[in-house]
Amino acid sequence: MMISIHVNDSETQVAKQSTLATLMSNLHQNSTGMAVAINNRVIPKSQWSETGLEQNDQVLVITATQGG
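Predicted model only: the values in this text are computed from it and were never measured.

Turning our attention to the overall build of the protein chain. In terms of helices and strands, the protein chain carries 1 helix and 5 strands. Along the protein chain, helices and strands appear, N-terminal first, in the series β-β-α-β-β-β. The C-alpha radius of gyration of the protein chain comes to 12 Å, within 12% of the 11 Å expected for a compact globule of 68 residues. Taken over the C-alpha atoms alone, the protein chain extends approximately 45 × 25 × 20 Å along its principal axes. In the protein chain, which comprises 68 residues, the share counted as buried stands at 32%. The long-range fraction of contacts in the protein chain, counting pairs at least 24 apart against all pairs at least 6 apart in sequence, stands at 51%. As displayed, the protein chain offers around 4,700 Å² of accessible surface, 47% of which is attributable to carbon and sulfur atoms.

In terms of nonpolar packing, the biggest core is built from 15 residues, with Ile-5, Leu-20, Leu-23, Leu-53 and Val-59 touching the most fellow members. Put simply, the parts of the chain that give this core at least two residues each are strand S1 (2–7), helix H1 (20–27), strand S3 (34–38) and strand S5 (58–63). Those residues in contact with Leu-23, other than ones at most four positions away along the chain, are Ile-5, Val-7, Val-14, Leu-53 and Val-59.

Turning our eyes to something else, we now look at the side chain of Thr-51. Residue position: Thr-51 is located in the loop between strand S4 (41–42) and S5. Thr-51 sits in the buried class, given a relative accessible area of 11%. Excluding its chain neighbours within four sequence positions, the residues that come into contact with Thr-51 are Ser-18, Thr-19, Leu-20, Ile-38 and Ile-43.

The next subject is the sheet that holds S5. A sheet is described by the order of its strands in space; here 5 strands give the open sequence S2-S1-S5-S3-S4, paired in mixed fashion. With one partner strand each, in any of the chains shown, strand S2 (10–15) and S4 form the two edges of the open sheet. One ladder, built from 5 bridges, connects S3 with S5; its direction is antiparallel. For Ala-35, the partnering residue across the bridge sits in S5 and is Ile-62. Here H1 sits on the sheet and contacts S1, S2, S3 and S5; the angle it forms with S3, its principal contact strand, is near 130 degrees.

About the criteria used
- Residues numbered from 1 in each chain as written.
- Predicted model: local features only at pLDDT ≥ 70, side-chain atom pairs only at ≥ 80, totals over all residues.
- Heavy atoms only, no water.
- Helix = DSSP H or I, 4+ residues; strand = E, 2+ residues; numbered from the N terminus.
- Rg over C-alpha atoms; globule rule 2.2 N^0.38 Å.
- Buried < 20%, exposed > 50% of the residue type's maximum accessible area, 1.4 Å probe, protein only.
- Contact = heavy atoms within 4.5 Å.
- Areas by Shrake-Rupley, 256 points an atom, 1.4 Å probe, with all protein chains shown as cover.
- Core = buried A, V, L, I, M, F, W, Y, C linked by side-chain atoms within 4.5 Å.
- Pairing = 2+ DSSP bridges.
- Axes fitted to C-alpha atoms, helices over the stretch in contact; angles between N-to-C directions.

See the structure below:
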């Protein structure tokens with residue numbers, strides 16, 4: 001069974017039992033320099049594998065960039 005979530009304002013379908021770690025693995029090869037919030041709550045990287053995703057979650061992924 002699939003659920004709908006929103007990643008940076010784009011609707012995405014994921015398996016019902018997906019974790020944030022699974023989502024990030026599917027979206028990005030390298031998660032270095034990334035911050036993630038679900039429903040306006042920042043999730044530490046150490047908790048990604050234990051943080052489940054729910055129907056209609058709003059996931060915001062921010063990538064640090066270098067420059068000035």
